[in-house]
Protein chains: 2
Amino acid sequence: MATIPYKIYLSEEELPQAWYNVRADMKVKPAPLLNPATGAPMTEDDLSAVFCRELARQELDNDTPYIEIPREIRDFYKMYRPSPLVRAYCLEQKLDTPAKIYYKFEGNNTSGSHKLNSAIAQAYYAKQQGLRGVTTETGAGQWGTALSMACAYLGLDLHVFMVKCSYEQKPFRREVMRTYGASVTPSPSPTTAIGRDILARFPDTVGSLGCAISEAVEDAVSHEGYRYVLGSVLNQVLLHQSVIGLETQAALDKYGVKPDMIIGCAGGGSNLGGLIAPFVGQMLRGEAQYDIVAVEPASCPSLTRGKFAYDFCDTGKICPAAKMYTLGSGFMPSPSHAGGLRYHGMSPIVSQLYHDGYLRAVSVEQTKVFEAATFFARCEGILPAPESSHAIRVAMDEAIRCRETGEAKTIVLGLTGTGYFDMYAYGAFNDGTMSDHIPTDDDIARGLANLPHLGE
Amino acid sequence: MATIPYKIYLSEEELPQAWYNVRADMKVKPAPLLNPATGAPMTEDDLSAVFCRELARQELDNDTPYIEIPREIRDFYKMYRPSPLVRAYCLEQKLDTPAKIYYKFEGNNTSGSHKLNSAIAQAYYAKQQGLRGVTTETGAGQWGTALSMACAYLGLDLHVFMVKCSYEQKPFRREVMRTYGASVTPSPSPTTAIGRDILARFPDTVGSLGCAISEAVEDAVSHEGYRYVLGSVLNQVLLHQSVIGLETQAALDKYGVKPDMIIGCAGGGSNLGGLIAPFVGQMLRGEAQYDIVAVEPASCPSLTRGKFAYDFCDTGKICPAAKMYTLGSGFMPSPSHAGGLRYHGMSPIVSQLYHDGYLRAVSVEQTKVFEAATFFARCEGILPAPESSHAIRVAMDEAIRCRETGEAKTIVLGLTGTGYFDMYAYGAFNDGTMSDHIPTDDDIARGLANLPHLGE
């Protein structure tokens, strides 16, 4: 077997030709999206009022295992993919561990994260359908940045509703989106009925993802030639993100490496779902076993402390409802939480796989996350996004455990992006002023008290 | 001939084995560095009091055409090199030009710029010599970021003196350096005699590169086991940066492409000197002709409006003096200037080549630069550094000219880095509040009034 280089680069020809749809191999399919008013399952026509037609089709397709990636999207992917799978030799050495650590690095494109994989796909289908533009929301800003890049490339209009506290705390993210030609509105805003209603009731609100989603959907359906697009949670997004896992598997296979443990951070589940898809597929087909770990922030612990139930995806309750692990659509992580991954729910696919025992979940506190991020940066050069650093933390802990036990485990982690726009949080960590916040049992119970009675 | 892909990636095996030392082919060598007090040429021993021994040797070597890149540096280079040479198909299309535009992209490493090419080399030689650490200054922050990454990798201490206005306006750059373990001090500072003197005389100063250099040198020579390192201007830096030009040449040769025009931005000259070195080498040996263009900001026009003379490299006048195009060591660009490239002088190699007619220089105003940067970002996806965007502006102007004349010129430009830490300036441009500033003839004359009488 050849020596394993620092970076395993697949060639352009090895870029996957098709996305992998893990739903085709799932015995228990993710529960259908429901109309939040009637409780009826959403049809393709229902969904097409909000989403692009082809994306509505992908959302509902539980059967086709491989869906071809259109040539135009593959050409765009070639500008930054295949992304490198890096052997973290330097990190292993500094940790003095027999474990072998690999990371799949998705930050090496200008948008700085894996979000571009789905952004270009969704923008492409919108363009195909002859739309004028799309609307979306963004929290930490990675999704908005990626989508603004994709829309600029294809000549589509883009309206972004940016959670107000991010809009104010991350003005530079906002400027990147504006530089790419997007219009960016702080949410809640007076430009939508839902925004006006929330502002009237809570004039001092700093906004939330759930509220920004409602505004973006309202904006899309009230403008001719627009549809709404979303950067996580949905089945279609996990489908597009499977390119991460497929490349990871191809790169490992090329060098005959079999991972023991696969670790991803989990907010809405787009990166985790994409990274693990083909590996879970092997598990579902009985071909292999892996220890798959979802890592979430202790301040927003949907998998580890939430409930598996139907819930609203947005504050305005105008989006389809999804069966997922949720903390309740009114749950808001503490303002001291800096590291993204602040959605109240979780991808229905990831939720179902977790419920069925194909992965486990752990939560970590943010000061421990930034400690790992800083250690990693100094070893591996890359300044990781706080989100990604959740996975780094757990990988490092396992590698340290291996040092004690002598196990030579092979660990793969998803390094979803870079932290250039999170230096405010890094600064707080460097200054020792960062704090942790874990919701009390009462906080959790309050969030779960108002789940809708859907699908029961 | 094969179709030219969007990105030409050389393989790891095609990474240059040696740096190219253009001085070996220059008929008129760059003038020697002089002791600013005595006017005597600096010897290797003189320079070794301030610089690492091997770097002092490289600084004075005007004869060896190729200097081998140590294996350890090559291994580090492999983490992000060879960097891609990108055919700007999308930009060409949007400009509707018959010109063919290529850019050598140096921003695809975590430090975000070409500065890492020399940072790792200088840190390596410091480590080899058994030093504890190094000191440096940084203005816009790219050099400090790159060096902090290199020092973290090698386990060297790093003290950075950061020009005070940058320290305050770019707190996130500072945090990146701190995250990599560097100590960062705003300059002028009370930690050095020179800093204390300047603070006493100008308590409200926002600092300058020349002052920060003085402080970093004083800090190095007054700490056992430390040396000073510099990110531009010096011959050694241009030597290391030749890796950019060598890769560019190899990639073009691979596809049988002969450039007509090679464009680089010019501040201290490190990127430009590195990019053009092997091409100028061909010109010096009579093997080829190119139209080589240095682009500088209209607000800091050392080549287009400065004088070719010996000058001090730093405010404290403790560094060796260099013969270069200079605006005078007291010259400060307007505070409204946002785009880097604010050093009063220019690399002695670039200066000599310019003086001897091997390249021409143009200056551009910053609103035109950001207009080009924004246009480029929307076409090519990459958010360029303001510095790099000076070269983009001139390349776009030439491509537009080609649209009129029908010429199918081949243009190569150096895209030195990304602008993630320059969103404050992008924001000013997006808001329409950015202004231009061109020094008056009186401003220029004042700067040139106090040149030293050295080497005359």
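Residues numbered from 1 in each chain as written. Chains lettered and ligands numbered in written order. Predicted model: local features only at pLDDT ≥ 70, side-chain atom pairs only at ≥ 80, totals over all residues. Heavy atoms only, no water.

J.: So what's going on with the overall build of chain A? Residues and values would help.
T.: Along its length, chain A carries 18 helices and 15 strands. In terms of overall dimensions, chain A is globule-like: its C-alpha atoms have a radius of gyration of 20 Å, near the 23 Å expected for 456 residues. In terms of overall dimensions, chain A has C-alpha extents of about 60 × 50 × 45 Å along its principal axes. The proportion of buried residues among the 456 residues of chain A is 67%. Sequence separation of 24 or more characterises 76% of the internal contacts of chain A that already satisfy a separation of 6 or more. Looking at chain A as shown, the accessible area adds up to about 15500 Å², and 51% of this sits on carbon and sulfur atoms. Treating the 41 positive side-chain charges of chain A as one cloud and the 51 negative ones as another, the clouds have centres 2 Å apart. (Helix = DSSP H or I, 4+ residues; strand = E, 2+ residues; numbered from the N terminus. Rg over C-alpha atoms; globule rule 2.2 N^0.38 Å. Buried < 20%, exposed > 50% of the residue type's maximum accessible area, 1.4 Å probe, protein only. Contact = heavy atoms within 4.5 Å. Areas by Shrake-Rupley, 256 points an atom, 1.4 Å probe, with all protein chains shown as cover. Lys, Arg positive; Asp, Glu negative; His and termini not counted. Charge placed at Lys NZ, Arg CZ, Asp CG, Glu CD.)

J.: So what's going on with the sheet that holds strand E9 (residues 226-228) of chain A? Residues and values would help.
T.: Residue and element names in this part refer to chain A. Pairing is parallel across the open sheet formed by 4 strands, whose spatial order is E8-E7-E6-E9. Single-partner strands in this sheet number two, and they are strand E8 (183-187) and E9. For this sheet, the mean inter-axis angle between neighbouring strands, taken without regard to orientation, is 25°. In the packing of helix H10 (residues 209-221) onto the sheet, the strands contacted are strand E6 (133-138), strand E7 (157-163), E8 and E9, and the crossing angle to E6 comes to about 170°. (Pairing = 2+ DSSP bridges. Axes fitted to C-alpha atoms, helices over the stretch in contact; angles between N-to-C directions.)

J.: So what's going on with the relation of the copies chain A and chain B? Which residues, and what values?
T.: Its rotation angle being 180°, the transformation that places chain A on chain B also includes 0.0 Å of axial translation and leaves an RMSD of 0.0 Å. Expressed as a symmetry operation, the mapping of one chain copy onto the other fits a two-fold axis. (Least-squares fit on C-alpha atoms with pLDDT ≥ 70 in both.)

J.: I'd like to hear about the packing of helix H9 (residues 193-201) of chain A against H10 of chain A, residue by residue, with values.
T.: Residues and elements named next belong to chain A. The N-to-C vectors of H9 and H10 enclose an angle of 145°; their axes lie 8 Å apart at closest approach. Residues Ala193, Ile194, Gly195 and Ile198 of H9 touch H10, and the partners they reach there are Cys211, Ser214, Glu215 and Glu218. Residues that form the contact of H9 with H10 fall into these classes: 4 nonpolar, 2 polar and 2 charged. (Nonpolar A, V, L, I, M, F, W, Y, C, P; charged D, E, K, R; others polar.)

J.: Now, about the packing of helix H17 (residues 423-431) of chain A against helix H8 (residues 171-179) of chain B: what can you tell me, with residues and values included?
T.: Between H17 of chain A and H8 of chain B, the shortest axis-to-axis distance is 9 Å and the interhelical angle comes to 50°. By the angle between their axes, H17 of chain A is oblique relative to H8 of chain B. Judged by the twist between their axes, the crossing of H17 of chain A over H8 of chain B is left-handed. On H8 of chain B, the residues touching Met423, Tyr424, Tyr426, Gly427, Asn430 and Asp431 of chain A of H17 of chain A are Phe172, Glu175, Val176, Arg178 and Thr179 of chain B. Of the residues in the contact of H17 of chain A with H8 of chain B, the class split is 5 nonpolar, 3 polar and 3 charged. (Parallel < 35°, antiparallel > 145°, perpendicular 65-115°, else oblique. Left-handed = near helix turned anticlockwise from the far one by under 90°.)

J.: An account of the domain arrangement of chain A is requested, with residue identities and associated values reported.
T.: Residues and elements named next belong to chain A. As assigned here, chain A comprises domain 1 (7-14 + 82-112 + 242-448) and domain 2 (18-68 + 115-228). Of note, the centres of domain 1 and domain 2, computed from C-alpha atoms alone, are 22 Å apart. Here domain 1 and domain 2 share an interface that buries about 3400 Å² over both sides, 67% of which is from carbon and sulfur atoms. Taken together, domain 1 and domain 2 are joined by 2 salt bridges. One salt bridge in this structure joins Arg285 and Asp25, with 2.9 Å as the shortest N-O distance. The tally of links from domain 1 across to domain 2 stands at 14 residue pairs in polar contact (both at pLDDT 80 or more). Of all the secondary structure elements, the ones that give two or more residues to the side of domain 1 that touches domain 2 are helix H11 (235-254), helix H12 (270-284), strand E13 (322-326) and helix H14 (348-355). By residue number, the principal contributor to the side of domain 1 that touches domain 2 is H12, which donates 6 residues. Of the residues assigned to the side of domain 1 that touches domain 2, the class counts are 23 nonpolar, 9 polar and 8 charged. (Domains from an automatic or database assignment. Buried area = accessible area lost by both parts, 1.4 Å probe. Salt bridge = Lys/Arg side-chain N within 4 Å of Asp/Glu carboxyl O. Polar contact = N/O pair within 3.5 Å; in protein donor to acceptor, adjacent residues only side chain to side chain.)

J.: Which residues make up helix H16 (residues 386-405) of chain B, and what are the values?
T.: Residues and elements named next belong to chain B. Under the 1.5 Å per step criterion, the end-to-end length of H16 is 29 Å for 20 residues, consistent within 8% with the ideal 28 Å. Of all 20 residues making up H16, 14 are buried, and the element is well covered by its neighbours. Positioned one or two residues after H16, Gly406 has a phi angle of 80°, which is positive. (Expected span 1.5 Å × (residues − 1).)

J.: Go over the interface of chain A and chain B, please, and point to the residues and values.
T.: Each side of the interface is counted separately: chain A has 32 residues, and chain B has 33 residues. The interface formed by chain A and chain B holds 2 salt bridges in total. At the surface where chain A touches chain B, the tally comes to 16 residue pairs in polar contact (both at pLDDT 80 or more). Breaking the side of chain A that touches chain B down by element, the ones donating at least two residues are helix H6 (142-154), helix H8 (171-179), helix H15 (366-380) and H17 of chain A. The element that contributes the greatest number of residues to the side of chain A that touches chain B is H17 of chain A, accounting for 6 residues.

J.: Lay out the sheet that holds strand E7 (residues 157-163) of chain B with the relevant residues and their values.
T.: Residues and elements named next belong to chain B. The strand order E8-E7-E6-E9 describes an open sheet built from 4 strands, whose pairing is parallel. In this open sheet, the two strands that pair with only one neighbour each are strand E8 (183-187) and strand E9 (226-228). Strand-to-strand twist of the sheet, defined as the mean angle between neighbouring strand axes without regard to direction, takes the value 25°. Bridge count between strand E6 (residues 133-138) and E9: 3 bridges; the pairing is parallel. The partner of Gly133 across the bridge, within E9, is Tyr226. Contacts from H8 reach E6, E7 and E8, with the element oriented near 170° to E7.

J.: Could you give me a rundown of the packing of aromatic side chains, with the residues and numbers involved?
T.: When we look at a pair of aromatic rings, we describe it by the centre distance and by the angle of the planes. Residues and elements named next belong to chain A. Summed over the entire model, instances satisfying the criterion amount to 28 aromatic pairs over all chains. When the ring of Phe76 is compared with that of Tyr80, the centres are 6.2 Å apart and the planes differ by 75°; the resulting orientation is edge-to-face. An identical accessibility class is assigned to Phe76 and Tyr80; each is buried. Each ring, one from Phe279 and one from Tyr290, has its centre 5.3 Å from the other, and the planes form 85°; the classification is edge-to-face. Taken together, the positions of Phe279 in helix H12 and Tyr290 in the loop between H12 and strand E11 (291-297) put the pair 11 residues apart, joining distant regions of the chain. Across the pair, exposure class does not vary: Phe279 and Tyr290 are buried alike. (Phe/Tyr/Trp six-rings, centres within 6.5 Å; stacked < 30°, edge-to-face > 60°.)

J.: Account for the environment of Lys307 of chain A, with residues named and values stated.
T.: All names here are of chain A. With respect to the element layout, Lys307 can be found in strand E12 (residues 307-311). For the pair Lys307 and Pro320, spaced 13 residues apart in the sequence, the C-alpha separation amounts to 18 Å. If near-sequence neighbours (up to four positions away) are discounted, Lys307 is found in contact with Ser302, Met324, Tyr325, Thr326, Leu448 and Leu451.

J.: Could you give an account of the pairing of strand E5 (residues 100-105) of chain B, naming the residues involved and the relevant values?
T.: Residues and elements named next belong to chain B. Of all 6 residues in E5, 5 are buried; the element is thus mostly enclosed. Relative to E5, strand E4 (residues 85-87) is paired through 3 bridges, and the arrangement is antiparallel. Paired with Val86 across the strands is Tyr103, a residue of E5.

J.: Just give me the short version of the state of the cysteines, but keep the residues and values in it.
T.: The final tally for this structure, using the stated rule, is 0 disulfides over all chains. With no disulfide partner, Cys313 of chain A has as its closest neighbouring cysteine sulfur the one in Cys319 of chain A, 6.2 Å distant. Overall, the relative accessible area of 11% leaves Cys313 of chain A in the buried class. Cys402 of chain B takes part in no disulfide bond, and the closest cysteine sulfur to it belongs to Cys379 of chain B, at a distance of 16 Å. When its relative accessible area of 0% is taken as the criterion, Cys402 of chain B is described as buried. (Disulfide = S-S within 2.5 Å.)

J.: Summarise the confidence of the model for chain A; cite the residues concerned and give the values.
T.: Scored by pLDDT, chain A has a mean of 95; 100% of the residues are at 70 or more. Reported confidence for the predicted complex is 0.91 by ipTM and 0.94 by pTM. (pLDDT = per-residue confidence, 0-100.)

J.: Report on the environment of Ile400 of chain B, specifying residues and quantitative values.
T.: Inspection of the secondary structure assignment puts Ile400 of chain B in helix H16. In this structure, the C-alpha to C-alpha distance between Ile400 of chain B and Thr97 of chain B, residues 303 residues apart in sequence, is 6.3 Å.

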